[in-house]
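The chain contents come next:
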Amino acid sequence: MRPVSLPGLVRDQLRPFAPRPTLGGVTDRVCENCAMPDEELVLVRRVYVTPEAWDSPEATARTVEETELWCVSCMSQYPHVLADGSDED
Ligand SMILES: [Zn+2]
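So, here's what we can say about the structure. Along every chain, residues carry numbers that run from 1 in the direction the sequence is written. Whole-chain, interface and lining totals are the exception, using all residues; otherwise, since this is a predicted model, local features are given only for residues with pLDDT of at least 70 and side-chain atom pairs are given and counted only at 80 or more.

### A word on the overall build of the protein chain
In step 1: Secondary structure assignment for the protein chain yields 2 helices and 3 strands.
In step 2: Only DSSP runs of H or I covering at least 4 residues are called helices, and only runs of E covering at least 2 are called strands; the numbering of each starts at the N terminus. When the helices and strands of the protein chain are listed from N to C terminus, the series reads α-β-β-α-β.
In step 3: Counting only residues that meet the buried cut, the protein chain has 8% of its 89 residues in that class.
In step 4: Placing C-beta atoms from the backbone, we regard two residues as in contact once those atoms come within 7 Å. Across the protein chain, contacts joining residues at least 24 apart in sequence account for 56% of those joining residues at least 6 apart. The exposure label follows from counting other C-beta atoms within 10 Å of a residue's C-beta, where the C-beta atoms are placed from the backbone and the thresholds are 20 or more for buried and 12 or fewer for exposed, leaving partly exposed in between.

### With respect to the nonpolar core
Across soluble globular proteins, nonpolar side chains have a tendency to be buried as a group.
In step 1: To define a nonpolar core, we join buried Ala, Val, Leu, Ile, Met, Phe, Trp, Tyr and Cys residues through C-beta atoms within 7 Å and take the resulting set. Ranked by size, the top nonpolar core spans 6 residues in total: C31, L41, V44, W70, C71 and C74.
In step 2: The residues contacting W70, other than those within four sequence positions of it, are C31, E32, N33, L41, V42, V44, M75 and H80.

### Regarding the pairing of strand β1 (residues 42-50)
In step 1: For two strands to be treated as a pair, DSSP must find no fewer than two bridges joining them. With 8 bridges joining them, β1 and strand β2 (residues 60-70) adopt antiparallel strand pairing. Residue V49 lies in a different strand from β2, and its bridge partner there is A61.

### Observations concerning unusual backbone geometry
In step 1: Residue A35 is not a glycine yet carries a positive backbone phi of 65 degrees.
In step 2: Within the secondary structure, A35 is located in the loop between α1 (7-14) and β1.
In step 3: According to the C-beta neighbour criterion, A35 is exposed, with 9 such atoms within 10 Å.

The analysis is restricted to geometry; functional conclusions fall outside its scope.
Below is the structure:
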């Protein structure tokens, strides 16, 4: 029996979030990090984390000043702080 290729299924499984059907057409808002169209974008500042090393025993994090609009997926995967609201320091 020959193995059956299902490229459509594989492609869907590789996507972390399948695009939702939206009412009233496609949104033109896209995540500035992954370019995925999403209506629920949040203004954040990216945080660059430097892991600990032999000459710097403590990990450090640097927050960039420029704000970006991120989708929920990116917010769950990459370090960041919310651009609006209280600063957590
Ligand atoms: Zn994103």
